[in-house]
Amino acid sequence: MCAKPIRPADIANRLGISTSALRYYEEWGIVPTVERGENGYRRYTQRHVAYFECVRAMSPGFGMDATKAVMRCLVAGKTDEALWRVSAEQASLHARKQMANQTIQVLDTDALDPVDRRGRPKRMTIGEASAKTSIPASAIRHWEKMGLVEPERDPDNGYRYFGPAQIRRILIIGTLRSAVWSLETIREVIRELDHHNVEQARRIAREALRFLSELNRCQMRGIHYLHRLIEMTDQ
């Protein structure tokens, strides 16, 4: 005997969303095709519920765009591709966490003070600054246009050069942007740094690290639901 279909309202109440959200998930192609009864009503099954639960569990940690990409892979039967996409998102988060740690270390030490005690060059090209901070050169140029970064210019060839203070700026901007801090907050932190007040920058950088750690927990919860869904679909 076929299992009794599950009403959309029951699923929506269980997940704390509207029934229209369920229809959006269908339109986006992130749940399997839903059959309809003779009366035209949707006939949801426990399999659909598992997909809906997985979407709701993954989106806080991975964002809806990444979640949709993963779920479409599952709907298409491309489980391995879905898992590799999740791995890429986790690797990206880990890189953001490393940047936050580096920023905190820089703010807690004098490693980037104008006088480099370890004999490293005081100025870097944009390529060297990008390699040092793991921030794309395109992002650094964009921040320069926004007035967040102010590199020196060689008067002869016009090349950008980044001193210790600018490298520190780039790290801070990258860390705060990865933790979704507002542009105004970033400008305020930079203004404080320009007045040699690093305490606020330290505090916000640590808050950014806590945000990323919480995001990691959210991702782990989403992965738990994803694993449960894959086990169900593999049966």
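Right above here is the structure, for reference.
Model, not experiment: these values are computed from the prediction. (Residues numbered from 1 in each chain as written. Predicted model: local features only at pLDDT ≥ 70, side-chain atom pairs only at ≥ 80, totals over all residues. Heavy atoms only, no water.)

Peer 1: Report on the side chain of E53, specifying residues and quantitative values.
Peer 2: In this structure, E53 sits in helix α3 (residues 46-75). Take E53: its relative accessible area is 12%, and that puts it in the buried class. With near-sequence residues (within four places) excluded, E53 lies in contact with R14, L15, Y225 and R228. (Helix = DSSP H or I, 4+ residues; strand = E, 2+ residues; numbered from the N terminus. Buried < 20%, exposed > 50% of the residue type's maximum accessible area, 1.4 Å probe, protein only. Contact = heavy atoms within 4.5 Å.)

Peer 1: Tell me about the pattern of salt bridges, residues and numbers included.
Peer 2: Counted according to the given criterion, the structure contains 13 salt bridges. A salt bridge links D108 to R202; the nearest nitrogen and oxygen atoms lie 3.0 Å apart. Separated by 94 residues along the polypeptide, D108 in helix α4 (residues 79-108) and R202 in helix α9 (residues 199-234) bring together distant segments of the chain. A salt bridge links R123 to E152; its shortest N-O distance comes to 3.5 Å. With R123 in the loop between α4 and α5 (126-133) and E152 in strand β3 (residues 152-153), this pair connects stretches of sequence that are 29 residues apart. We classify R123 as partly exposed; its relative accessible area is 38%. In this structure E152 comes out as partly exposed when scored by relative accessible area, which is 41%. Connected through shared salt-bridge partners, D108, E199, R202 and R206 make up one network. (Salt bridge = Lys/Arg side-chain N within 4 Å of Asp/Glu carboxyl O.)

Peer 1: Pulling in residues and values, what's your account of unusual backbone geometry?
Peer 2: With a phi close to 65 degrees, S134 is a non-glycine residue in the positive phi region. Among the secondary structure elements, S134 is positioned in the loop between α5 and α6 (137-145).

Peer 1: Would you mind going over the nonpolar core in detail, with residue names and values included?
Peer 2: By size, the foremost hydrophobic cluster in this structure holds 36 residues, and its most contacted members are W143, F162 and I170. Where this core is concerned, the elements lending two or more residues are α4, α5, α6, α7 (164-178), α8 (183-194) and α9. In contact with W143, not counting residues within four places along its chain, are I135, L148, V149, I170, I173, G174 and R177. (Core = buried A, V, L, I, M, F, W, Y, C linked by side-chain atoms within 4.5 Å.)

Peer 1: Which residues make up α5, and what are the values?
Peer 2: All of the buried residues in α5 are I126, A129, S130 and T133. Angular distribution of buried residues about the axis of α5 spans 100 degrees; they occupy a single face of the element. Buried residues along α5 sit in contact with α4, α6, β4 (160-161) and α7. Two residues or fewer past α5, S134 is found with a positive phi of approximately 65 degrees. (Arc of directions from axis to C-beta.)

Peer 1: Quick one: what's the story with the packing of α3 against α9, residue by residue and with numbers?
Peer 2: It is at 9 Å that the axes of α3 and α9 come closest, and there the two elements cross at 145 degrees. In this structure, α3 meets α9 at a crossing whose hand is left-handed. A breakdown of the residues in the contact of α3 with α9 according to their chemical character gives 18 nonpolar, five polar and four charged. (Axes fitted to C-alpha atoms, helices over the stretch in contact; angles between N-to-C directions. Left-handed = near helix turned anticlockwise from the far one by under 90°. Nonpolar A, V, L, I, M, F, W, Y, C, P; charged D, E, K, R; others polar.)

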